[in-house]
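Architecture and fold: a report
Residue-level listing of the chains:
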Amino acid sequence: MPTLTTVADWTITASGDTAAFTHATDGDWAPRVWSGRGLAVAEADLAALDKALGEVLKLPVYWLARTRRGDRAAGEAAVWSEPRYDPDDEFVYFAGPCRTEQPAAGYRTASTFAIDLVHLRGLRIRVAAYRAGPGRR
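Residues numbered from 1 in each chain as written. Predicted model: local features only at pLDDT ≥ 70, side-chain atom pairs only at ≥ 80, totals over all residues. Heavy atoms only, no water.

1. Describing the overall build of the protein chain
In terms of regular secondary structure, the protein chain is built from three helices and nine strands. Listed N to C, the secondary structure of the protein chain is β-β-β-β-β-α-α-β-β-β-β-α in terms of helices and strands. Its C-alpha radius of gyration of 14 Å places the protein chain within 12% of the 14 Å reference for a compact globule of 137 residues. Over its C-alpha atoms, taken along the principal directions, the protein chain stretches across nearly 40 × 35 × 30 Å. By the burial criterion, 47% of the 137 residues in the protein chain qualify as buried. Taking as baseline every contact in the protein chain between residues at least 6 positions apart, the subset at least 24 positions apart corresponds to 67%. (Helix = DSSP H or I, 4+ residues; strand = E, 2+ residues; numbered from the N terminus. Rg over C-alpha atoms; globule rule 2.2 N^0.38 Å. Buried < 20%, exposed > 50% of the residue type's maximum accessible area, 1.4 Å probe, protein only. Contact = heavy atoms within 4.5 Å.)

Structure, rendered in structure tokens:
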């Protein structure tokens, strides 16, 4: 899989129409995924994730995946929920099409997870909107 971008603790690679996200941190601050249902990212990691997503959206691989999908709604923010911040764990939760190789019920720590390239724009919109909110970074 060719690397699309590396920003801070995030590395994004691609295979076909899928982007694989790898986070350098294991343990308490690693992303959490409920396979097929959602993604949770530490609030402190959102700026780097936002930047990494922006870099991928500039690349031909993203636009080729959108063209192959043939769906005019591909990339819309509606595929992802409004972000929800949990002050107890300092994570921001997004319901949406994120998956791991080993699905399990509930949110589980995942150093690597996958999202279809066409859905990255929608995630970036949700992340950017959250970060632009009052009192956010």
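On we go.
2. As for the sheet that holds strand S7 (residues 91-95)
Taken together, the five strands give an open sheet; going across it, the order is S6-S7-S5-S4-S8, and neighbouring strands pair in antiparallel fashion. The two strands at the open ends of the sheet, each matched to only one other strand, are strand S6 (84-86) and strand S8 (108-109). One ladder, built from two bridges, connects strand S4 (residues 32-34) with S8; its direction is antiparallel. Each bridged residue has a counterpart across the sheet, and for Val33 the counterpart in S8 is Arg108. Here helix H3 (residues 120-132) sits on the sheet in contact with strand S5 (38-42), S6 and S7, set at roughly 145 degrees to S7. (Pairing = 2+ DSSP bridges. Axes fitted to C-alpha atoms, helices over the stretch in contact; angles between N-to-C directions.)

3. Looking at the sheet that holds strand S3 (residues 18-23)
Taken in spatial order, the four strands make up an open sheet running S1-S2-S3-S9, and their pairing is antiparallel. The sheet is open, and its two borders are formed by strand S1 (3-7) and strand S9 (112-116), each paired with just one other strand. Geometrically, the sheet is characterised by an average inter-axis angle of 20 degrees between neighbouring strands, direction not taken into account. In terms of strand pairing, S1 meets strand S2 (residues 10-15) through four bridges, oriented antiparallel. Looking across to S2, one finds that Thr3 is bridged to Thr13.

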